[in-house]
Amino acid sequence: MISERTQEAPRIYIAYHDMRPVLTGAHLIPIQVGRAIADFILPGAEGDDTGANISALNPEYCELTAHYWAWKNTAHGGHVGLMHYRRLFDLAERMNPRGHSERYVLDFDSQSYRADVAGYFSNPDSAGIDLVVPRPARLIRPILSQYRTHHRIDDFLVMRNVVAKRHPDFLPDLDRILHRNRFIMGNMFIMSGRVFEHYSRLLFDILDETRARIPDRPQPETGYQRRYMGFLAERIMTAYVFGNHLRESFPDLGMAYRGIVNIDSSIPRKAGPLRLARYCLQRRLSLSDALTAMKYGGSSDDSQSNGLRIR
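Residues numbered from 1 in each chain as written. Predicted model: local features only at pLDDT ≥ 70, side-chain atom pairs only at ≥ 80, totals over all residues. Heavy atoms only, no water.

1. Brief notes about the overall build of the protein chain
Helix and strand counts for the protein chain stand at 12 helices and 12 strands. For 311 residues, the compact-globule estimate of 2.2 N^0.38 gives 19 Å, and the protein chain sits close to it at 19 Å. Its C-alpha atoms give the protein chain principal-axis dimensions of about 55 × 45 × 40 Å. The proportion of buried residues among the 311 residues of the protein chain is 53%. Of all intrachain contacts in the protein chain linking residues separated by at least 6 positions in sequence, the fraction that spans at least 24 positions is 73%. Carbon together with sulfur atoms contributes 50% to the accessible area of the protein chain, which is approximately 14,200 Å² in total. With 41 positive and 35 negative side-chain charges, the protein chain shows a separation of 6 Å between the mean positions of the two kinds. (Helix = DSSP H or I, 4+ residues; strand = E, 2+ residues; numbered from the N terminus. Rg over C-alpha atoms; globule rule 2.2 N^0.38 Å. Buried < 20%, exposed > 50% of the residue type's maximum accessible area, 1.4 Å probe, protein only. Contact = heavy atoms within 4.5 Å. Areas by Shrake-Rupley, 256 points an atom, 1.4 Å probe, with all protein chains shown as cover. Lys, Arg positive; Asp, Glu negative; His and termini not counted. Charge placed at Lys NZ, Arg CZ, Asp CG, Glu CD.)

2. Some points on the pairing of strand β1 (residues 11-16)
Of all six residues that make up β1, six are buried, and the element is covered over most of its length. The alternating pattern of β1 places R11, Y13 and A15 on one face and I12, I14 and Y16 on the opposite face, and all of these are buried. Sheet topology places β1 next to strand β4 (residues 80-84); five bridges connect them, and they run parallel. Of the residues in β4, the one forming a bridge with I14 is M83. (Pairing = 2+ DSSP bridges.)

3. Concerning the layout of surface pockets
The calculated volume of the second largest pocket comes to roughly 290 Å³. Along its surface, the second largest pocket is lined by 16 residues, and D90, R94, V105, F108 and V261 are the ones closest to its centre. With three residues, helix α3 (residues 110-122) is the largest single contributor of residues to the lining of the second largest pocket. (1 Å grid on protein atoms, 1.4 Å probe; cavity = no way out; pocket = protein on both sides within 12 Å on 5 of 7 lines; lining within 4 Å. Points joined across faces, edges and corners; volume = space filled by probe spheres on them.)

4. Some thoughts on the pattern of salt bridges
Summed over all chains, the structure comprises 17 salt bridges. Here R87 and E102 are joined by a salt bridge, their closest N and O atoms 2.6 Å apart. You can see R87 sitting in strand β5 (residues 87-89) and its partner E102 sitting in strand β6 (residues 102-104), a full 15 residues away along the chain. Note on accessibility: R87 and E102 belong to one class, buried. One salt-bridge network, in which partners are shared between bridges, spans R166, D205, E209 and R213. (Salt bridge = Lys/Arg side-chain N within 4 Å of Asp/Glu carboxyl O.)

5. Side note on the environment of R211
When you line up the elements, R211 lands in helix α7 (residues 193-213). On the accessibility criterion, R211 (29% relative accessible area) is partly exposed. In this structure R211 touches L57, E60, Y61, Y228 and M229, once residues within four positions along its chain are discounted. A distance of 2.6 Å separates polar atoms of two side chains, one belonging to R211 and the other to E60. (Polar contact = N/O pair within 3.5 Å; in protein donor to acceptor, adjacent residues only side chain to side chain.)

Shape is all these values report; function is a separate question.
What follows is the structure, given as structure tokens:
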């Protein structure tokens, strides 16, 4: 029963990769990713470089080195989550559910957010939710086409072959999403212990074998494409969330979507007028925040994109 598998206090790890103040609070645990290869130790944060870890692979695995560390080095009796230093779940559902899946805020209130997290987990209903993921984004093109345009399609094809060989029951779920545009971004989640173990085993088996099959992958000129393990993982999670493999494993699954609050105020403050207008139309930014951001000037509207062009 649900009460038997949620006895431990929920833990949401917040991944940090540079020197900055960390967000802490009830259930919130900052963790420095890539600490094994960093030249600093982030005060107040756990490290992903103890016990069984893949910390040194952070340039490829991104926030997943925190996921792996939590999977291998902590108990899974309660809920386990992962967020980013700038992307947090809107657990109090303050965002308009008809708006964009991600919303920028210029005046993030950490005290209020801690209260939101505590309030979410104190609600008895949260114990019955096995899986929280970001509200699906809608890309302007299908997932496979988007990946081919912005990343190395060979990496994706190797990953698909790995799934076909090692997890054939998951392959229909993966293939089903390729020509659709709903996308779960960020490798963010809150999972009950049973789902966390189930998903982690699947995810890292696929990624580790994929990486082993492309050892001679050429290094890109910039660091962005080096994050290919993180990019592939987002597609794996999308297939997992929308597919039958998860639901057949857990017929009583409780699931919820939540919006993402992006607290990196530098993004709207550096945006130009056209981008700010687009953010407002997409409901990614309030009009008042857009007007505030205008006071700071901005960079070109053609700044580097991560390829996730969203409707």
